[in-house]
Structure formats: C-alpha cells, structure tokens
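# Fold and contact review
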Amino acid sequence: MIWIHGGGFVQGNRGEMDAACRAFTRIGFVCATVSYRLGFYPPPVLANPFAYDSVEVIRSVYRAVQDLKGAMRFLAARAAVDSTDASRVVLAGVSAGAITALHMAFADDDERPECTRSAPDLVFPGQAPIERGDLGPFSGTLHTDKPMPAIAAVVNMLGAIDDLAWIDANERVPLYSYHQTGDPIVGCRRERGLYNFPLNVGANYPVLFGSCVIEEHMQNLHGSTPDRKTWIHDGPDHDLHDATAIIIDGAIWLVNVLSKPTSVADVAAPQSSLAVFPNPTNDVVTIRSSQPLADVQIIDVHGRIMRHASVNDVQTTVSLDGLTAGMYFVRAGTRSTTMVVHGGR
C-alpha cells in the first residue's frame, strides 16, 4: 500500500502519512510513503500557492505521477526483499496525493496533456525567459529498467481528476473515495482548484472533477458495484470529519476487494448474504447468513484460525475474548466477509 501525501503540490512530505501507514500495518498491509517533486512558478512578486497559469499546476501533477511511477517500479522490484506482494499494489492518497493516485490509475499515455510536452516560456520583468520544455515520457525516468506493477485498488481521500473522460468504461480499478460536499480546496463537484480561497488564489488553477462527479460518472458507466465505494459527507472542510471511522470503513472495503475476484462477471454475480454485527466490535460478534451455517471460522490476517464453530442455524454468536485489535476474516463455507475488532481483550 503506497501512501501519497498532500500539500497542493507545493508543500508536504511523506512523513505526514506515517499515521495512516501504522493504521494499515496493524491489519496486515505493508505500507510505504513516497516523495515527489514539489513547486511551480508563481506570478511575479507572488509566491505559491499562486500559480503563473493553469499550465504550471497541470505540469506539477504530471511530474508527481512520473515520480510515483518510479517509486512503484522501485518498490515492486524489492518485493522479495521486503516480503511484499507486487501483484496487489494499492495506491492511497490525500488531497494532492489522491489527485496523483487518480491520474496514475486512469490517465493513459495517449491522454497526456499537451502542455507537458511544451508550453509558452515564462517571462518575468528584468529576467531572461524561462523555457518550459518537454517534461519527458509519462513513465518518468526513475527505475525504468524495472517492470511497472499493476494497481489493485485506489483509495482517494479528497481528490479529483482533470478530465472525467480519462475514466473509461473498460477501466475497472477498484476505487474507494471520501469527500466533503463543501470542500473549499478540492471541490467535490466540478470546481477550479482552491476555488474558495481568499485573494483569488485559485484563479490560475485548472478545473477539477471531484469525488462527487467521479461517483456519478462511475454510476453511469457501471452502476453500483462492490468494487467501488464512495463516502460523501455533508460538511464544509478539506479534511476527514471522522478519521477513525473512515479508515475502518475503507479498510473493510479494501480487504474485501483484495480477497475477491474483481472481473465484471464476478462483480455482477449474485452471492448469498453473510453479515456480521456489530462491526467494528469488541467482545462478541453475531454472524447471520441467508442460508444455514454449517462451519464458521474467524481467521486473522496471517491466515491463522482464531475461532472455529460448528453451527446448524442461520445465525450464531461467537465470543472474541482474547483477540487483539485488528482486522479478521469471517468465513462460512465458500463465503467470507471482514470484521474489525476495536479494542480486543
């Protein structure tokens, strides 16, 4: 799981994602945080986050994606050393990091913005023109001798994409999104970046399509499917209104997606219901099925069977006494779901 920090492409650092990494390593993920090039030219006498023009911001996103691709190749090449699974790479980002992750997942080489090839020179009073030339291939220049791993899922927190058309009908990358409706920095709908900032800071930022319209676009393409979940909160902030609840919700969704096939046929196939509640829980859990249960197992993220019960009913209750906090799988026959133990005992 690769976490990408935010900061408007002008600030922030990978250490800001340490807490998110710790949360997900507790439930069995291997996490890494990455750096990418920051900063772009502001207008004369001003400083970032002011942008000289919309080309500058678009080029900064492109550079971030180039650097992310290099990091992904580097980490995948170390899979044996790090004991990771390079076939199941999850990209997770917040704000600018989520924008980077979405562009990485959905923008193809032939959708490369023209301004990344060339743009008008920058002309500042009393200075020689600054050439804005070709930024190079979309693949970047880092670790290009190593293969690019596939993306198994994307976690988008407060992100957006430059063009909805880049999300094609045949691109089925599992996606979890969170956004607040009144986000003043990265709009949940179609808004210019920093659109609600004072002093018209966002005047030269490009228009972005936030999580609200990404979800609408995905609904039009695929309808509601288990390989996508969007949490839209009615709030005014560029922030997570309840970080713990969102992390747990995203983690449960993510573990379910990664443990099941995600082809169109598999997503559409009806499955019998298996529910656990309360979830998250502490002491006991009730397991309910749409058909009689015969054999129930609770398994930790390392594959160890922590509880086993023989049942001849559609519902049973299992004690969790002694289980540590974390993520668990609940398996009944060929069906499975996930459960989070909050505190354990």
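In this report, the structure presented in the accompanying data block is examined. (Residues numbered from 1 in each chain as written. Predicted model: local features only at pLDDT ≥ 70, side-chain atom pairs only at ≥ 80, totals over all residues. Heavy atoms only, no water.)

### As for the packing of helix 2 (residues 54-77) against helix 4 (residues 96-106)
Note the threshold: Lines are fitted to the C-alpha atoms to define the axes, a helix being fitted only along its stretch in contact, and any angle between axes, read from their N-to-C directions, falls within 0 to 180 degrees. The way it works is that DSSP assigns letters per residue, a run of H or I at least four long becomes a helix, a run of E at least two long becomes a strand, and they are numbered from the N terminus. Angles are sorted into four bins: roughly parallel if under 35 degrees, roughly antiparallel if over 145, roughly perpendicular if 65 to 115, and oblique for all others. In this analysis, two residues are considered to be in contact whenever any of their non-hydrogen atoms come within 4.5 Å of each other. The nonpolar class holds Ala, Val, Leu, Ile, Met, Phe, Trp, Tyr, Cys and Pro. Asp, Glu, Lys and Arg form the charged class, and all remaining residues, Gly among them, are polar.
Look at helix 2 against helix 4: their axes get within 9 Å of each other, and the N-to-C directions meet at 70°. Here helix 2 lies roughly perpendicular to helix 4, going by the angle between them. Facing helix 2, whose interface residues are Val61, Ala64, Val65, Leu68, Lys69 and Met72, helix 4 presents Ile99, Thr100, His103 and Met104. Grouping the constituent residues of the contact of helix 2 with helix 4 by class yields seven nonpolar, two polar and one charged.

### A look at the sheet that holds strand 7 (residues 160-161)
One key point about sheets: their strands pair by backbone hydrogen bonds, in either a parallel or an antiparallel sense. The following threshold applies: Here, a strand pair is defined by DSSP locating no fewer than two bridges between the strands.
Taken together, three strands build an open sheet; the order of strands is 7-10-9 and the sheet is antiparallel. Each edge of the open sheet carries a strand with a single partner, namely strand 7 and strand 9 (190-192). In this structure, strand 9 lies alongside strand 10 (residues 207-210), joined through three bridges in antiparallel fashion. Paired with glutamate 191 across the bridge in strand 10 is leucine 208. The strands that helix 5 (residues 211-222) touches are strand 7, strand 9 and strand 10; relative to strand 10, the one it contacts most, it runs at about 60°.

### Topic: the environment of aspartate 313
Put simply, the rule is: The rule is simple: take the accessible area with a 1.4 Å probe, protein chains only, and divide by the maximum for that residue type; under 20% is buried, over 50% is exposed, in between is partly exposed.
Its place among the elements puts aspartate 313 in strand 14 (residues 305-319). Judged by relative accessible area, aspartate 313 falls into the partly exposed class, the value being 42%. Sequence separation of aspartate 313 and phenylalanine 197 is 116 residues, and the distance between their C-alpha atoms is 58 Å. Dropping the residues within four chain positions of it, aspartate 313 is found in contact with Pro292 and Leu293.

### Quick word on unusual backbone geometry
Residue proline 49 is reached from asparagine 48 by a cis peptide bond, and omega for that bond is 20°. Each neighbour pair has its own omega, and for phenylalanine 277 with proline 278 the value is -10°, a cis peptide bond. Relative to the assigned elements, proline 278 resides in the loop between strand 12 (274-277) and strand 13 (284-300). Its identity is not glycine, yet leucine 158 carries a phi of approximately 70°, on the positive side. Secondary-structure assignment places leucine 158 in the loop between strand 6 (151-157) and strand 7. With relative accessibility at 2%, the residue leucine 158 sits in the buried group. Although it is not a glycine, leucine 199 adopts a positive phi angle of roughly 60°. With respect to the helices, strands and loops of the structure, leucine 199 is situated in the loop between strand 9 and strand 10.

Treat this as a map of the structure, not an account of what it does.
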